[in-house]
Amino acid sequence: MKSVSRLKKELDKWFSLFIRLRSATSEGMVQCVTSGRLYHYKKIHAGHFMSRRHLSTRWCEINVAPQSAADNLFGQGEQYKFGIALDHKYGEGTAEELQLKSRQICKMSRADYEEKISYYKEAVKNLKKEKGIE
């Protein structure tokens, strides 16, 4: 039986792949949320607006977007630009709502992790098929 930390790691992997693939073109290219530059989905991160340490927003689809390693790691996530991009895409106040949501306590059971892993594994499979990319 997998430990919860192992399940969390596996969920991170599938969720990250989903985030990057959902924005990808049929050539596998995605745009960095903060710089606007294009990258192949395998060469870009899934950047979090609110840090991954907050479980309540860690796997929240609107909190995460394709982001270059330069911006995600070395630019500390370019949170200000990320927030502006979120408000532009999802509506004014989205970044603020995510900040509030990130402070909520979130308890996840083993079953919750397994359910989300199944969901995102299937979603990744479907996106690859739909877009014709590997």
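Described below are features of the structure shown in this document. (Residues numbered from 1 in each chain as written. Predicted model: local features only at pLDDT ≥ 70, side-chain atom pairs only at ≥ 80, totals over all residues. Heavy atoms only, no water.)

1. With respect to the packing of aromatic side chains
By the definition in use, this model includes 5 aromatic pairs. Consider the rings of F15 and Y120, whose centres lie 5.1 Å apart with planes at 85°: the pair is edge-to-face. On the criterion of sequence distance, the pair formed by F15 in helix α1 (residues 4-22) and Y120 in helix α6 (residues 110-131) is long-range, its members being 105 residues apart. Pair check on accessibility: F15 and Y120 agree, each one buried. Here the aromatic rings of W59 and Y113 are separated by 5.7 Å at their centres, their planes lie at 90°, and the arrangement is edge-to-face. Taken together, the residues span a long stretch of sequence, with W59 in the loop between α2 (55-58) and β4 (64-67) and Y113 in helix α6 at a distance of 54 residues. The class for W59 is buried, based on a relative accessible area of 7%. Classification of Y113 as buried rests on a relative accessible area of 3%. Through successive ring pairs, a cluster of aromatic residues spans F15, F18, Y119 and Y120. (Phe/Tyr/Trp six-rings, centres within 6.5 Å; stacked < 30°, edge-to-face > 60°. Helix = DSSP H or I, 4+ residues; strand = E, 2+ residues; numbered from the N terminus. Buried < 20%, exposed > 50% of the residue type's maximum accessible area, 1.4 Å probe, protein only.)

2. Overview of α1
Between its first and last C-alpha, α1 extends 26 Å over 19 residues, near the 27 Å set by a 1.5 Å rise per residue. Buried-residue contacts for α1 involve β1 (29-31), β3 (45-48), α2, β4 and α6. (Expected span 1.5 Å × (residues − 1). Contact = heavy atoms within 4.5 Å.)

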